[in-house]
Amino acid sequence: MGNKKARTAISPTREEDYSGWYQSVVREADMAEMSHVRGCMVIKPWGYGIWENMQRELDRRIKATGHENAYFPLFIPLSYIEKEAAHVEGFAKEMAVVTHHRLVSKDGELKPAGELESPLVVRPTSETIIGASFANWIQSYKDLPVLINQWANVVRWEMRPRVFLRTTEFLWQEGHTVHATHEEAVEETEKMFKVYQDFVEEFLAIPVIPGEKSESERFPGAIQTFTIEAMMQDGKALQSGTSHYLGQNFAKASKIQFAAESGELEYAYTTSWGVSTRLIGALIMSHSDDDGLRVPPRIAPWHIAIVPILRNDEEVNAKIEAYCKEITAELNKSYFAGNQPIMAKYDDRQYKPVNKKWGWIKKGIPIVLEIGPRDVENGSVSVLARDKNAREYENMPRDEFVTGASAILERIQKSYYDAAVARLNEHTHTDIHDYKSLLKLFSKKGMTGFVNAKWCESIECEDKVTSKKLTIRCLPIEQSGTEGHCVVCGAEAKMDAIFAMAY
RNA sequence: CGGGGUGUGGCGCAGCUCGGUAGCGCACCUGCUUUGGGAGCAGGGGGUCGCUGGUUCAAAUCCAGUCACCCCGACCA
């Protein structure tokens, strides 16, 4: 056969077709597939396992900050949605509406019947329906704050679905809180915003730029929207989590009032915040390579796959199997990153070893162990770490691996994060000061990246940029505080803004 | 929602212009050989060609409609 070409497990490669690569990664890792329902996906066990791990850790952090879980209806009366003007306008175009409650058989076909007197919408978010409950729950300042979180599915009738990034139905968590004062609600908004940032950086190994959204990018009905923006491998930005200060807008719409100490009836201050299965998309586009997904150990459903290399010799095979099971059991008693249990899986499926190995690589499991007769002889293991070349085995004594596994997992976690930080830093341009240079930078094909530049805060300049497919992602929390000129119009400006193309 | 493209076994594709009843690579199953870094040979299973209707003796192929996916745009807390 002669020279083997460098073969990648995923085709097309990122270089050849980024979007095709993304879809191929999702398919080859067996994470999800588009269903036959427009824009809706089936999340398969490997993808859902990642989501469950996200849920577990986020849920812990949400509860650690004093919130409790509850559940509210999927259906929202149209009249509720109508109550907040900006909210209606923001969501009207992507609402699924339920108009009937029955089917009847007619000419051999099922037809909707029993038209509802007032239609229901499928929640695109739950501010209004939760607000209606809150209005009942709250009488006095002594009832505050109310700190509620909900894990749910929501529906937004998107025009251009993309698996995990923008689907018609998706899973998320939405926090909704009520406070007596403006200050306390702002504090809450910022607190949860920080929870998201820490979670995404520590567990998903994705560095983010925290910032505030411009007025036009705000959540419909919010006073302030905070966002964490991550940079994908193609340089585009992905909004990965948002936290909103809603002021009294929704309290007024839903009549969330309380008797203050003074005896006055006052409107409360509310917040909401959420992250969704979109984070899985962020994970894929942050860390994966041309051999498939790479899952940071802290979020991986399994950390170590143990693949036996069996021979046509039952006696030898029995030894290999026993050896593998011992190692699996030892690993499963171990921890990494402090107290996170190591999840090791003995892969005794009947597939060929080499196919099992590549299957795991494409799924992005952090470590694949291959164990054959020679390893049993020598008391060793062959280690494939996903942060290294998929063809480089490292042979090491069994005990060294078992005791060192946690360190390897931690190294992998760190290496993914470091690589993502390096990319973010390298491709965040701070030397763009005029409109011409800005457009020139983003007219390039391929890696575009972020521009951190001055903005005069005028909607005109923002619109001008938006018409060029660029967006102002956020006004970073970390401001230089220096004076300068708006990168668009050249006027005096103090505010730093992140400009980028976005998903 | 506008423009473009595509739907053929699990995946990737050919066949369609010029209608004659489906093929290739990978994967899968069996056997033999091989045996720790995507093995070889031989045999085999699996698709009513997205769906509906029309034209025709005959439709994957032509026509109409419809659904879905992909790309570009608009839209997107």
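A. Examining helix α6 (residues 182–202) more closely. Relative to the 30 Å expected for 21 residues at 1.5 Å per residue, α6 spans 30 Å between its end C-alpha atoms, a close match to the ideal helical length. Inspection of α6 places A185, V186, E188, T189, M192, F193, V195, Y196, Q197, F199, V200 and E201 among the buried residues, and these make up the whole buried set.

B. Quick peek at the confidence of the model for chain A. Across chain A, the average pLDDT comes to 94, with 99% of residues at 70 or higher. A low-confidence stretch, residues 1–5 stays under pLDDT 50, and its non-local contacts, those more than four residues away or across chains, total zero contacts.

C. Region of interest: the domain arrangement of chain A. Considered domain by domain, chain A is made up of domain 1 (28–287), domain 2 (297–424) and domain 3 (429–500). Of note, the centres of domain 1 and domain 2, computed from C-alpha atoms alone, are 38 Å apart. Facing the 24 residues of domain 1 at the interface are 17 residues of domain 2. For the domain 1 and domain 2 pair, buried surface summed over both sides reaches about 1,900 Å², with 67% attributable to carbon and sulfur atoms. The interface formed by domain 1 and domain 2 contains one salt bridge. Between E28 and K362 there is a salt bridge; the shortest N-O distance is 3.0 Å. Our enumeration of links across domain 1 and domain 2 arrives at eight residue pairs in polar contact (both at pLDDT 80 or more). Among the secondary structure elements, those contributing two or more residues to the side of domain 1 that touches domain 2 are α2 (45–64), α6 and α8 (278–287).

D. Fine view of the nonpolar core. Grouped together as the largest cluster of nonpolar side chains are 57 residues, with contacts concentrated most on M31, I50, M54 and F164. Breaking this core down by element, the ones donating at least two residues are α1 (18–28), α2, α6, β10 (224–231), β14 (269–276), α8, β15 (304–308) and α10 (353–363). Core analysis: the second largest hydrophobic core is formed by 26 residues, I304, I306, I320 and V402 among them.

E. View of the packing of aromatic side chains. As enumerated under the stated definition, the model contains twelve aromatic pairs in all. Where W51 meets W151, the ring centres are 5.9 Å apart and the plane angle is 75 degrees; that geometry is what we call edge-to-face. Note that W51 is positioned in helix α2 and W151 in strand β7 (residues 146–155), a separation of 100 residues in sequence. W151 carries the same exposure label as W51, and that label is buried. Grouped by ring-pair contacts, the aromatic residues F72, F134 and W137 constitute a single cluster. Of note, K236 hangs over the ring of Y503, and the distance from its end group to the ring centre comes to 4.8 Å. Lying across the ring of Y323, R398 places its NZ or CZ 5.0 Å from the centre.

F. How the structure looks around the sheet that holds strand β19 (residues 367–371). Strand order in the open sheet made by the five strands is β18-β15-β19-β20-β21, with mixed pairing throughout. Bordering the open sheet on either side are β18 (344–346) and β21 (394–397), each of which pairs with just one other strand. With strand direction ignored, the average angle separating the axes of adjacent strands in the sheet is 30 degrees. In the sheet, β19 pairs with strand β20 (residues 380–385) via four bridges, with the strands oriented antiparallel. Bridged to I367 within β20 is A385. The sheet contacts of α10 involve β15, β18, β19 and β20, and relative to β15 the element is tilted by about 170 degrees. Together, β15, β19, β20 and β21 form the strand contacts of helix α12 (residues 398–426), whose direction differs from that of β21 by roughly 130 degrees.

G. Region of interest: the pairing of strand β24 (residues 471–476). Burial analysis of β24 places six of its six residues in the buried class, the great majority of the element. Across two bridges, strand β9 (residues 208–212) lies against β24 in antiparallel orientation. When the sheet's bridge partners are listed, E212 is paired in β24 with L475. Two elements, β24 and strand β27 (residues 495–500), share three bridges in a ladder whose sense is antiparallel. Its bridge partner lying in β27, C474 is registered against I498.

The rules behind these values
Residues numbered from 1 in each chain as written. Chains lettered and ligands numbered in written order. Predicted model: local features only at pLDDT ≥ 70, side-chain atom pairs only at ≥ 80, totals over all residues. Heavy atoms only, no water. Helix = DSSP H or I, 4+ residues; strand = E, 2+ residues; numbered from the N terminus. Expected span 1.5 Å × (residues − 1). Buried < 20%, exposed > 50% of the residue type's maximum accessible area, 1.4 Å probe, protein only. pLDDT = per-residue confidence, 0-100. Contact = heavy atoms within 4.5 Å. Domains from an automatic or database assignment. Buried area = accessible area lost by both parts, 1.4 Å probe. Salt bridge = Lys/Arg side-chain N within 4 Å of Asp/Glu carboxyl O. Polar contact = N/O pair within 3.5 Å; in protein donor to acceptor, adjacent residues only side chain to side chain. Core = buried A, V, L, I, M, F, W, Y, C linked by side-chain atoms within 4.5 Å. Phe/Tyr/Trp six-rings, centres within 6.5 Å; stacked < 30°, edge-to-face > 60°. Lys NZ or Arg CZ within 6 Å of the ring centre and 35° of its normal. Pairing = 2+ DSSP bridges. Axes fitted to C-alpha atoms, helices over the stretch in contact; angles between N-to-C directions.

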